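The chain contents come next:
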Amino acid sequence: MTMTDTDEAVASVSATFATAPSFAETVRVFGKIGLLSFGGPAGQIALMHRVLVDEKRWLDEPRFLHALNYCMLLPGPEAMQLATYAGWLLHGVKGGLAAGLLFVLPGAAVITLLSAVYLLVGDVPLVQGLLFGLKAAVLAVVLEALIKVSKRALKNAFMVALAIAAFIAIAFLKLPFPLIIAAAAACGALLHFLGYGAKSGDGAAVAEPARDMPEWTKPSARRFASTLAVWLVIWFGPLFVLHATLGGGNVFAAEATFFSKMAAVTFGGAYAVLAYVAQQAVEVHGWLKPDEMLTGLGLAETTPGPLILVLVFVGFLGGARLSGLAPIAGGLAGAAVTLWFTFVPCFLWIFVGAPYVETVRNVRWLASALSAVTAAVVGIIANLAVWFALHVLFASVGERVLGPLSLPVPDWPSFDAASALIAIAASFALIRYNANMIVVLAAAALAGMAVQLIR
């Protein structure tokens, strides 16, 4: 970065939002954003930029991008955290809570309703056909995500090697997702200290805090300590209560522990962690079946809000099947537990860390470590694509162990040509022609229903 770049960044970031809206207006606008937040993080971030920067002019361009850069460093859904950050800038904690909740709750309500419908009528032939088509189209969605992330993250041979190593580690060695992420971060930081730091390539400028920002946005040791204490209690208090009253073996306690861990390691977005979630939820906890993870992802793609809401589907089915309660009651409780322990940590990251954004952005070794994590995420998404492909295209998939390696072995006679055709058509539509994702998913669902009627 040149000195001119830095000077321009410092000058431009000195301006913050031009007009402070009322809290009621803030709630109304973020409610609208929450209802319209389809299309994944890219579309959601573009929507917020159009509304908050271009239309309302509540944030200027440098402040919006500054907030986005910080949210990209955090685990969890970056678009939801960006909404929380923007609300916090405008009205402090109450603004952040309102914006974050309004971004999540509409989609959470829809995915919970769809989960209940799936549980109750999922065996109806037309519903099975609809889900059959969605599963095939989801494979195309994951492939598209893999291509986009690869182009952005794999800038040199080291990044490519790291992505390949991550793929082998999670696909064939079955190493835990958090361990792979930690190892990638350590490699990136080490290379920085050796003088070969991985460059993020984003051209982020070194920025100084704006002098005209509200008081709550300025770093304070007392505020840091009190905010951290409050949100740790909000996060871990219910976790302790669930374990103390129900026991660690109870499905709700297990979900609370598992999704708390996910909230701390979900760097790289939902796609990066879904393979690990699927492995644990299916093989370890027995909350759902292998193909049901595909169903949940297909449903989450059609609802507003962050894609990580697919976890609500996982929690709903786990609670419905293993809690001992009536299926709907158990499912609703499981969905509530999942929502709480997935999104409460997001508020903690923003409310505790946002006043120190400038400090975080200027930690060069951290930038190098996170660049390495992004490369590893490519390998993890590639594993997700392989996992989805095997379970979409084959009715039965076995496993062969060769020393430390576990290799998937598809049952070739169980190959489903109809699934393959729908997946190929969806891939061409999304990747080659940049078709609208909702339209592609709807067309795939209709094709699946047609296949179900013909069979």
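Scoring rules and cut-offs
- Along each chain, numbering runs from 1 in the same order as the chain's sequence is written.
- For this predicted model, a pLDDT threshold of at least 70 governs which residues receive local features, and a threshold of 80 or more governs which side-chain atom pairs are given and counted, while totals over whole chains, interfaces and linings are taken from all residues.
- Heavy atoms from the whole structure form the basis of all side-chain values; hydrogens and water molecules are not counted.
- Secondary structure elements are defined from DSSP: runs of H or I of at least 4 residues count as helices, runs of E of at least 2 residues count as strands, and each element is numbered from the N terminus.
- Exposed residues in this analysis have more than 50% of their type's maximum accessible area, buried residues have under 20%, and partly exposed residues fall in between, with area computed by a 1.4 Å probe over protein chains only.
- Throughout, a contact is declared for two residues whenever any of their heavy atoms are within 4.5 Å.
- The term salt bridge refers to a pairing of a side-chain nitrogen on Lys or Arg with a carboxyl oxygen on Asp or Glu at a separation within 4 Å.
- For helices, the fitted line uses only the C-alpha atoms of the stretch in contact; every axis is such a line through C-alpha atoms, and the angle between N-to-C directions lies from 0 to 180 degrees.
- Each angle is binned into one of four classes, with values under 35 degrees roughly parallel, values over 145 roughly antiparallel, values of 65 to 115 roughly perpendicular, and all other values oblique.
- Rotating anticlockwise by less than a right angle from the far helix to the near helix defines a left-handed crossing, while the corresponding clockwise rotation defines a right-handed one.
- Here, nonpolar core means buried Ala, Val, Leu, Ile, Met, Phe, Trp, Tyr and Cys residues that are tied together by side-chain atoms lying within 4.5 Å of each other.
- A helix is expected to span 1.5 Å for every residue after the first.
- Pairing between strands requires that DSSP locate at least two bridges from one strand to the other.
- The predictor attaches a confidence to each residue, and that confidence, scored 0 to 100, is pLDDT.
- When two rings of Phe, Tyr or Trp (its six-membered ring) have centres within 6.5 Å they constitute a pair, described as stacked for plane angles under 30 degrees, edge-to-face for angles over 60, and tilted for the intermediate range.
- By definition, being over a ring means that NZ of Lys or CZ of Arg is both within 6 Å of the ring centre and within 35 degrees of the ring normal.

Visitor: Help me understand the environment of Met48 in this model?
Guide: Looking at the secondary structure, you find Met48 in helix H3 (residues 40–55). We classify Met48 as buried; its relative accessible area is 0%. C-alpha separation for the pair Met48 and Ala86, spaced 38 residues apart in sequence, amounts to 9.4 Å. Look past the residues within four positions of Met48 in its chain and what remains in contact with it is Ile33, Val53, Phe64, Ala79, Leu82, Ala83 and Phe103.

Visitor: Help me understand the pattern of salt bridges in this model?
Guide: Two side chains bearing opposite charge may form a pair once their charged atoms approach each other closely. Tallied over the entire structure, the rule returns five salt bridges. Close ionic contact of Glu25 with Arg28 constitutes a salt bridge, the shortest N to O distance being 3.0 Å. In this pair, Glu25 and Arg28 are both assigned in helix H2 (residues 23–36), three residues apart and thus about one turn of the helix distant. Residue Glu25 is classed as partly exposed on the basis of its relative accessible area, which comes to 22%. A salt bridge links Lys56 to Glu25; the shortest N-O distance between them is 3.2 Å. Placement of Lys56 in the loop between H3 and helix H4 (61–73) and of Glu25 in helix H2 is noted, with a sequence separation of 31 residues between them. Judged by its relative accessible area of 29%, Lys56 is partly exposed. Put simply, Glu25, Arg28 and Lys56 are held in one network by salt bridges that share partners.

Visitor: Looking at this structure, I do not really get the packing of helix H12 (residues 290–301) against helix H13 (residues 310–322). What am I missing?
Guide: Relative placement of two packed helices is described by the angle separating their axes and the distance separating the axes. For the pair H12 and H13, interaxial distance at closest approach is 8 Å and the crossing angle is 130 degrees. Overall, the two elements H12 and H13 adopt an arrangement that is oblique. Of the two possible hands of crossing, H12 and H13 adopt the one that is right-handed. Of the residues in H13, those in contact with Glu292, Met293, Thr295, Gly296, Leu297, Leu299 and Ala300 of H12 are Val310, Phe313, Val314, Leu317 and Arg321.

Visitor: Just checking my understanding: could you explain the nonpolar core for this structure?
Guide: In terms of nonpolar packing, the biggest core is built from 143 residues, with Leu52 and Tyr85 touching the most fellow members. When residues in this core are grouped by element, the largest group, 17 residues, is from helix H16 (residues 364–393). Contacts of Leu52, omitting those with residues within four sequence positions, involve Val29, Phe30, Ile33, Arg57, Trp58, Leu59 and Ala86.

Visitor: I keep staring at helix H14 (residues 327–353) and nothing clicks. Help me out?
Guide: Owing to its 3.6 residues per turn, the α-helix brings residues three or four apart onto one side. Compared with an ideal rise of 1.5 Å per residue, which puts 27 residues at 39 Å, H14 spans 39 Å between its outermost C-alpha atoms and is within 8% of the ideal. Within H14, 20 of the 27 residues are buried, leaving the element largely enclosed by the surrounding structure.

Visitor: Sorry if this is basic, but what is going on with the pairing of strand S1 (residues 397–402) here?
Guide: On a regular strand, each side chain points to the face opposite its neighbour's, so the side chains alternate between the two faces of the sheet. Burial within S1 is sparse, with just zero of its six residues counted as buried. In this structure, S1 lies alongside strand S2 (residues 405–410), joined through six bridges in antiparallel fashion. The partner of Arg400 across the bridge, within S2, is Leu407. Following S1, the chain reverses through two residues before pairing antiparallel with S2; Gly403 in that reversal takes a positive phi of roughly 65 degrees.

Visitor: Quick question: what am I supposed to make of the confidence of the model for the protein chain here?
Guide: In low-pLDDT segments, the atomic positions of the prediction should not be examined closely. Taken residue by residue, the protein chain gives an average pLDDT of 82. The fraction at 70 or more is 87%. Of the regions scoring below 50 in pLDDT, residues 1–18 engages in 36 contacts with residues more than four places distant in sequence or in other chains. Note that pLDDT drops below 50 for residues 199–211; the model gives that stretch 30 contacts with residues more than four away or on any other chain.

Visitor: Can you walk me through the packing of aromatic side chains in this structure?
Guide: Both the distance between ring centres and the angle between the ring planes are used here to describe each pair of aromatic rings. On inspection of all chains with the given rule, the structure shows 15 aromatic pairs. Arranged with centres 5.7 Å apart and planes meeting at 75 degrees, the rings of Phe258 and Trp287 form a pair that is edge-to-face. In this pair, Phe258 is assigned in helix H10 (residues 251–265) and Trp287 in the loop between helix H11 (270–284) and H12, connecting sequence segments 29 residues apart. Phe258 sits in the buried class, given a relative accessible area of 4%. A relative accessible area of 2% means that Trp287 is categorised as buried. One aromatic cluster is present, formed by Trp231, Phe347 and Phe351 through successive ring pairs. Against the face of Tyr433 rests Arg432, its NZ or CZ located 5.2 Å from the ring centre.

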